[in-house]
Amino acid sequence: MGPWWGKEAHRGTPVVVKMENPNNWSMVELESPSDEDFIYPNDAVATKGGRNKNAKQLTWVLLLKAHKAAGCLTSIAAAFFSLAAIVRRRVASGYTDSTDSSETENPAVKSRFYGCIKVFLWISLLMLGFEMFAYFKGWHFGASDLQLHHLYSLTNPDLVKTAFHSVYSNWVLIRVGYLAPPLQFLTNVCIVLFLIQSLDRLILCLGCFWIKIRNIKPVAKQGLMDLESSGDAEGYFPMVLVQIPMCNEKEVYQQSIAAVCNLDWPKGNLLIQVLDDSDDPITQSLIKEDVFKWKQNGANIIYRHRVIREGYKAGNLKSAMSCSYVKDYEFVAIFDADFQPNPDFLMRTIPHFKDNEEIGLVQARWSFVNKDENLLTRLQLINLAFHFEVEQQVNGIYLNFFGFNGTAGIWRIKALEESGGWLERTTVEDMDIAVRAHLHGWKFVFLNDVECQCELPESYEAYRKQQHRWHSGPMQLFRLCLPAIIRSKISIWKKANIIFLFFLLRKLILPFYSFTLFCIILPMTMFVPEATLPFWVVCYIPATMSFLNILPAPKSFPFIVPYLLFENTMSVTKFNAMISGLFQLGSAYEWVVTKKSGRSSEGDLISLVEKEPTRQRGNSEPNLEEMKEEINQQEQRAIRKKKKHNRIYTKELALAFLLLTASARSLLSAQGIHFYFLLFQGVSFLLVGLDLIGEQVV
């Protein structure tokens, strides 16, 4: 037997199968390569025919490469012209964020904020022209010349020959003496905040890493085998109330109601409340008919509708909890209208309450049916994967406290009642009840291995409004809860965790320094170069933090650079929302329902169809044909009244031009890393400002 490296490799016969459809296919056998097709090493000499053959093959390879390159260039050119046409149509249409009637921001507040950005933009444009004129006059400085002792020569009378030289020398002295010191102080403050927040992020990642290597996770005291037993003596099946709050969400109500009605739980111990706040009569009728269908099929489900939508979601849940029959139930599970729990959701969550009276909440993580729909959903996935995998899991394991996500969670009704129930005072009623329950001593459990499917916003308009609500609400809550936190009987370190980490660091400082440092200070240092921003703050730390953020979603690594740029772009919305909530500016209390598209995974739809009961299909079927016809007429009228459009976002566009102007100024000082960062960040703001990142309406 010869050695393994001496075995002759079998090249085989390549075969290509061409298939147009399953009934029309053909097989083509390609000629196997011969020995003459290979160039032998060392002293081996190919034949003349072999040389000719190899030369022809090389020619064909080069031609194919050239054809592919030409195709790529053609595709790029076509994409560029298509993008230019889209931008031209978008600008010509004139639809901006100011024409959005459902905008969450107060017009006066938004105009003031936009006015400040425009002032910075006009000043930067003026200074760019001023600096360029000085540069071509020979009054320019390299990076090594940005020291005070090099600037004294500007006051030398021998050098000041013209009026422009005099103006420019006085401007440099004003810049050095009056503008640079406060700007450098603000820069240093933001750098310190940036480092503190980065340290917090690093500690969270280390905690998550320790959880992974030690395989730490909550363990239920009651085994799943006992839950699946047929006898109630061994099983643990408490009375569970399931609530599905919704408002004008006709795209998703069917899949959420179907998923909840297919939960594996004794029907006598489960009651489903569909809490409909819709003001559209067609949507109300559709939801009511769907509830009626499931009730006829044996589900214990009821439909509730409020005439006046007071208090938004919190008011809806509060109204439902006031029903007299709620006292018969021990737990309440909450699912938003686009959430689809798996059939074993209750089986995997309820056991964690068994023999543990201190547990007030069990929260599951979210998974997303449309995470790969477009670039916007892919970037959202990175943020939310880090939120659940790192923040929620670490806080749940080590602190037994985290913010309730508002859905895909189960509350002990006793914990809700002792904490004061649902309050309508903020737009983050979920975080509100979680903080109050923690102050009353209740503990929370986060289950990272229990997932509940839902949707991500696919348009930038919907995502922007969602983020505005998510970042204004916590600041409202912080103002209201601070006295109660200080007076509470919990330990000092728990108070410090809520005040400094939960609220200040992660809800206030993060949007503040992100917007101030990268969108205001960095461009300003280009025009006031005596105030410097170290390159490691611009490059190394943001790249490291982005790398840590993307670890829970490893498939998203190709999007690490777009993610970094997009997070800085979103900082303008988050900063504006944070200021509005903190100082009660604008429509901080307005709730806008996030738009849904009604997507669902094929596997879930198939499983629901297979499990849907059909034993009473002949009973009282709703008049679906008339309903469909009425829906079509209603939709046609709605389309004629209001057509969906992509919009132009003025603040983002103004910041885009500000950053691009600053990048042009950075070229005069030969600051390479700052130039590239400002350039790409400006392009990112430009794409977002033209609404080119999310769903595109043709």
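Treat the numbers as computed from the prediction; the structure is a model and nothing was measured. (Residues numbered from 1 in each chain as written. Predicted model: local features only at pLDDT ≥ 70, side-chain atom pairs only at ≥ 80, totals over all residues. Heavy atoms only, no water.)

Draft legend 1. Highlighting the overall build of the protein. Helices and strands together make up the secondary structure of the protein, namely 21 helices and 10 strands. Residue burial in the protein is summarised as follows: out of 698 residues, 49% are buried. Long-range pairs, those at least 24 residues apart, make up 80% of the contacts in the protein with a sequence separation of at least 6. In the form shown here, the protein has an accessible surface area of approximately 35,200 Å², with 61% of it arising from carbon and sulfur atoms. (Helix = DSSP H or I, 4+ residues; strand = E, 2+ residues; numbered from the N terminus. Buried < 20%, exposed > 50% of the residue type's maximum accessible area, 1.4 Å probe, protein only. Contact = heavy atoms within 4.5 Å. Areas by Shrake-Rupley, 256 points an atom, 1.4 Å probe, with all protein chains shown as cover.)

Draft legend 2. Expanded view of the confidence of the model for the protein. Here the protein shows a mean pLDDT of 80. Residues at 70 or above account for 73%. Residue range residues 15-19 is modelled with pLDDT below 50. Its contacts to residues more than four positions away, or to other chains, number 15 contacts. (pLDDT = per-residue confidence, 0-100.)

Draft legend 3. Fine view of helix α21 (residues 672-689). For α21, with 18 residues, the first-to-last C-alpha span of 26 Å sits near the 26 Å given by 1.5 Å per residue. Taken residue by residue, α21 has His 674, Phe 675, Phe 677, Leu 678, Gln 681, Gly 682, Ser 684, Phe 685, Val 688 and Gly 689 as its buried positions. Positioned one or two residues after α21, Asp 691 has a phi angle of 60°, which is positive. (Expected span 1.5 Å × (residues − 1).)

Draft legend 4. Quick peek at the environment of Val 688. Take Val 688: it is sitting in helix α21. It is 7.7 Å that separates the C-alpha atoms of Val 688 and Thr 569, two residues lying 119 residues apart in sequence. Aside from chain neighbours lying at most four places away, what touches Val 688 is Tyr 460, Phe 566, Thr 569, Tyr 649, Glu 652 and Ile 693.

Draft legend 5. Broad picture of the pattern of salt bridges. This model, assessed by the stated rule, comprises 18 salt bridges. With its nearest N and O atoms 2.6 Å apart, the salt bridge here joins Glu 389 to Lys 212. Residue Glu 389 is found in helix α10 (residues 375-398), and its partner Lys 212 is found in helix α4 (residues 163-214); the two are separated by 177 residues along the sequence. Residue Lys 212 is classed as partly exposed on the basis of its relative accessible area, which comes to 45%. For Asp 277, the salt bridge is made with Arg 306, and the minimal N-O distance between the two is 2.7 Å. With Asp 277 in the loop between β4 (270-276) and α7 (281-296) and Arg 306 in the loop between β5 (301-305) and α8 (312-321), this residue pair connects regions lying 29 residues apart in the sequence. (Salt bridge = Lys/Arg side-chain N within 4 Å of Asp/Glu carboxyl O.)

Draft legend 6. Inspection of the nonpolar core at higher detail. Counting residues in hydrophobic clusters, the biggest one holds 90 residues, and the most contacted among them are Ile 257, Leu 346 and Trp 411. The greatest single-element share of this core, amounting to 7 residues, is contributed by strand β10 (residues 443-454). In terms of nonpolar packing, the next biggest core, distinct from the first, is built from 58 residues, Leu 204, Ile 521, Phe 527 and Met 545 among them. (Core = buried A, V, L, I, M, F, W, Y, C linked by side-chain atoms within 4.5 Å.)

Draft legend 7. Region of the structure containing helix α14 (residues 492-527). Between its first and last C-alpha, α14 extends only 46 Å over 36 residues, short of the 52 Å set by a 1.5 Å rise per residue. Roughly 50° is the biggest bend found in α14, and it falls at Leu 504. Buried residues dominate α14, accounting for 27 of its 36 residues. (Bend = angle between axes of the 7 residues up to and from the residue.)

Draft legend 8. The arrangement of the side chain of Ser 419 in detail. Among the secondary structure elements, Ser 419 is positioned in the loop between α11 (413-418) and α12 (429-439). On the basis of relative accessible area, Ser 419 is assigned to the buried category, the value being 4%. A polar side-chain atom of Ser 419 sits 2.8 Å from the main-chain carbonyl oxygen of Ala 415. Apart from residues no more than four positions distant in its own chain, Ser 419 is found in contact with Ile 433, Arg 436, Ala 437, His 440 and Trp 442. (Polar contact = N/O pair within 3.5 Å; in protein donor to acceptor, adjacent residues only side chain to side chain.)

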